[in-house]
Protein chains: 2
Amino acid sequence: MTSAVVLYGLARSVYTRIARLTLETKRVPYRLDEVEVFGPQGAPAEHLSRQPFGRIPVLCHGDFQLYETQAICRYVDETFPGARLQPGSPAARARMAQVVGLLDSYAYRPMVWGVFVQRVRIPLRGGTPDEKLIRESMPMVEKSLDALAALKRESRFFAGDELTLADLHAYPMIKYLALAPEGRCALEARPSIADWLSALDPLPSVIATRTEYESSPGARAPA
Amino acid sequence: MTSAVVLYGLARSVYTRIARLTLETKRVPYRLDEVEVFGPQGAPAEHLSRQPFGRIPVLCHGDFQLYETQAICRYVDETFPGARLQPGSPAARARMAQVVGLLDSYAYRPMVWGVFVQRVRIPLRGGTPDEKLIRESMPMVEKSLDALAALKRESRFFAGDELTLADLHAYPMIKYLALAPEGRCALEARPSIADWLSALDPLPSVIATRTEYESSPGARAPA
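Calculation criteria
- Residues numbered from 1 in each chain as written.
- Chains lettered and ligands numbered in written order.
- Predicted model: local features only at pLDDT ≥ 70, side-chain atom pairs only at ≥ 80, totals over all residues.
- Heavy atoms only, no water.
- Least-squares fit on C-alpha atoms with pLDDT ≥ 70 in both.
- Contact = heavy atoms within 4.5 Å.
- Phe/Tyr/Trp six-rings, centres within 6.5 Å; stacked < 30°, edge-to-face > 60°.
- Helix = DSSP H or I, 4+ residues; strand = E, 2+ residues; numbered from the N terminus.
- Buried < 20%, exposed > 50% of the residue type's maximum accessible area, 1.4 Å probe, protein only.
- Axes fitted to C-alpha atoms, helices over the stretch in contact; angles between N-to-C directions.
- Parallel < 35°, antiparallel > 145°, perpendicular 65-115°, else oblique.
- Salt bridge = Lys/Arg side-chain N within 4 Å of Asp/Glu carboxyl O.
- Expected span 1.5 Å × (residues − 1).
- Polar contact = N/O pair within 3.5 Å; in protein donor to acceptor, adjacent residues only side chain to side chain.
- Buried area = accessible area lost by both parts, 1.4 Å probe.
- Nonpolar A, V, L, I, M, F, W, Y, C, P; charged D, E, K, R; others polar.

Caption draft 1: Looking closely at the relation of the copies chain A and chain B. Of the two same-sequence chains, chain A is brought onto chain B (RMSD 0.0 Å, axial shift 0.0 Å) by a rotation of 180 degrees. This pairing of chains is accounted for by a two-fold axis. The C-alpha atom lying nearest the rotation axis in chain A is that of A:Ser105; the distance is 4.5 Å. The residues that chain A uses at the interface reappear at the interface of chain B in 100% of cases, marking a shared surface.

Caption draft 2: Region of interest: the packing of aromatic side chains. Under the definition given, this model contains 19 aromatic pairs over all chains. Residues A:Tyr171 and A:Trp196 carry aromatic rings whose centres are separated by 6.5 Å and whose planes lie at 55 degrees to one another, so their mutual orientation is tilted. With a gap of 25 residues between them, A:Tyr171 in helix α6 (residues 165-178) and A:Trp196 in helix α8 (residues 191-200) connect regions that are remote in the sequence. The two residues A:Tyr171 and A:Trp196 agree in class, both being buried. An aromatic cluster is present here, built from A:Phe53, A:Tyr67 and B:Tyr106 joined pairwise through their rings.

Caption draft 3: Broad picture of the packing of helix α1 (residues 14-25) of chain B against helix α3 (residues 69-79) of chain B. All names here are of chain B. With their axes 9 Å apart at the nearest point, α1 and α3 run at an angle of 5 degrees to one another. Taken together, the axis directions place α1 and α3 in an arrangement best described as roughly parallel. For the pair α1 and α3, contact is made by Tyr15, Ile18, Ala19, Thr22 and Leu23 and by Thr69, Ile72, Cys73 and Val76, respectively.

Caption draft 4: Structural detail: the pattern of salt bridges. Following the criterion strictly, the structure yields 24 salt bridges over all chains and no others. In this structure, B:Arg119 engages B:Glu182 in a salt bridge whose closest nitrogen and oxygen atoms are separated by 2.5 Å. Separated by 63 residues along the polypeptide, B:Arg119 in helix α4 (residues 90-124) and B:Glu182 in helix α7 (residues 181-188) bring together distant segments of the chain. One continuous salt-bridge network, built from bridges that share partners, spans A:Lys26, A:Asp77 and A:Arg84.

Caption draft 5: Helix α1 (residues 14-25) of chain A, seen in detail. Residue and element names in this part refer to chain A. Along its twelve residues, α1 runs 16 Å from first to last C-alpha, staying within 8% of the 16 Å computed at 1.5 Å per residue. Among the twelve residues that make up α1, eleven are buried, leaving the element largely enclosed by the rest of the structure. The set of residues buried in α1 consists of Val14, Tyr15, Thr16, Arg17, Ile18, Ala19, Arg20, Leu21, Thr22, Leu23 and Thr25. Of the residues flanking the start of α1, the one acting as N-cap is Ser13, its side-chain oxygen 3.3 Å from the backbone nitrogen of Tyr15. Just downstream of α1 lies Arg27, where phi reads positive at about 55 degrees.

Caption draft 6: Examining the environment of A:Phe38 more closely. Residue and element names in this part refer to chain A. Inspection of the secondary structure puts Phe38 in the loop between β2 (31-34) and α2 (45-48). Judged by relative accessible area, Phe38 falls into the partly exposed class, the value being 41%. Between the C-alpha atom of Phe38 and that of Arg55, which follows or precedes it by 17 residues, the distance is 8.8 Å. With near-sequence residues (within four places) excluded, Phe38 lies in contact with Leu10, Arg12, Ser13, Ile56 and Trp113.

Caption draft 7: Summary view of the interface of chain A and chain B. Contact with chain A, which involves 31 residues of that partner, is made by 31 residues of chain B. When chain A packs against chain B, the two sides together hide about 2,700 Å² of surface, and 59% of this comes from carbon and sulfur. Among the residues of chain A in contact with chain B, A:Phe53, A:Glu68 and A:Tyr106 are the three that bury the most area, contributing 24% of the side total. Note that B:Glu78 and A:Arg93 form a salt bridge whose closest N and O atoms lie 2.9 Å from each other. Taken together, the connections running from chain A to chain B amount to eight residue pairs in polar contact (both at pLDDT 80 or more). Of all elements in the fold, only β4 (64-67), α3 (69-79), α4 (90-124) and α5 (131-152) of chain A reach the threshold of two or more residues within the side of chain A that touches chain B. Looking at which element gives the most residues to the side of chain A that touches chain B, the answer is α4(A), with eleven residues. For the side of chain A that touches chain B, the residue count by class is 16 nonpolar, eight polar and seven charged.

Caption draft 8: A look at the environment of A:Lys152. Assignment of secondary structure puts A:Lys152 in helix α5. Not counting the four nearest positions on each side in its chain, A:Lys152 is found in contact with A:Phe157, A:Phe158, A:Ser192, A:Ile193 and A:Trp196.

This is how it looks when you write it as structure tokens:
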């Protein structure tokens with residue numbers, strides 16, 4: 001625990017933010033080292049020695065190096081003191097893992113690359129969104145939100161009434177989705193997910209990891 | 001534990017086999033209900049009520065329904081008695097989760113759909129393999145095998161010297177890869193992975209879940 005924790009990633013990246021939310025929620029001191037991996041050149045050579053596929057984030061804790069966000073978040077939860085972010089019962093742990101798996105397998109690509117990047121990020125950089133991609137992404141966005149709502153049911157959070165790694169995994173991608181009008185509409189039609197998002201907005205870990213996109217006018221929900 | 005366990009899936013599916021290997025290793029009695037999801041019609045309606053994305057496997061344990069293979073395997077390990085398939089130390093658990101994540105994110109698609117399906121399954125059904133897809137899949141197959149070998153190092157298994165969920169996750173896809181000549185070559189060039197595969201071949205759980213492809217002449221490694 002006395003070893004330094006370094007996270008290699010990008011503040012705007014969904015998966016980097018998932019790892020940071022876990023570190024922040026556990027109040028683990030860490031340094032974020034920015035590594036650009038999405039440019040035309042791909043990841044720099046020194047990053048490929050940490051992550052052979054050129055992706056982010058990578059966690060270094062002393063001599064221990066780790067990539068794959070699910071592994072990083074569990075490791076941080078199990079290694080550092082503070083609130084436990086994994087439920088105690090096998091069934092609730094299974095729901096947590098199921099939500100995380102669903103987000104990775106089905107929700108991330110259409111929500112983030114299909115809708116948010118096209119509708120929000122590309123226009124902010126002067127580009128033209130791919131309307132066809134946005135249109136084609138929405139059915140999977142809606143199906144993912146329906147599946148998440150079905151798993152959440154009446155609980156406060158995704159795996160019961162306590163905050164878990166499932167919520168920290170979901171927040172960055174659903175927040176990005178909510179910044180696009182299509183995403184906001186889809187969320188308004190599913191109040192249990194919209195309310196969950198609003199409940200997380202004021203958390204210190206969320207505020208400490210806010211991205212550049214969330215500070216643009218009108219993008220933030222009223223406090 | 002007295003509730004019946006039913007797994008909805010397909011004996012030839014990699015992810016169904018991962019869940020079955022976990023059930024078999026824990027010696028949990030279960031019934032496999034076959035559901036065809038890869039046909040032109042997609043998943044049947046009754047399966048969509050269990051799994052909204054139409055994928056397999058789905059586990060039912062009494063009233064508890066669960067999809068996403070990682071969640072199923074952890075749930076089975078934590079709910080039933082017998083050998084523990086997750087290591088005790090956070091660092092070894094993290095390696096296990098990292099290997100599983102790596103397999104899902106990078107290895108599965110090129111190994112199984114890019115190489116095995118094209119080189120083995122399609123010709124067995126009278127079709128012509130897509131040679132370009134096989135060729136284009138091999139660099140990611142090799143990079144995944146190198147990354148797996150780097151994580152395994154000198155250990156007997158992927159997350160240390162005990163069998164864990166990481167090994168059961170890896171076996172079905174690497175076994176399929178090994179049935180294609182390109183895959184066999186790539187494995188022969190990485191003896192630590194080839195030896196690991198041979199060490200798992202005689203396990204009772206592996207034999208109990210052998211697929212139709214492994215019984216074809218010459219496909220099986222000598223005992």
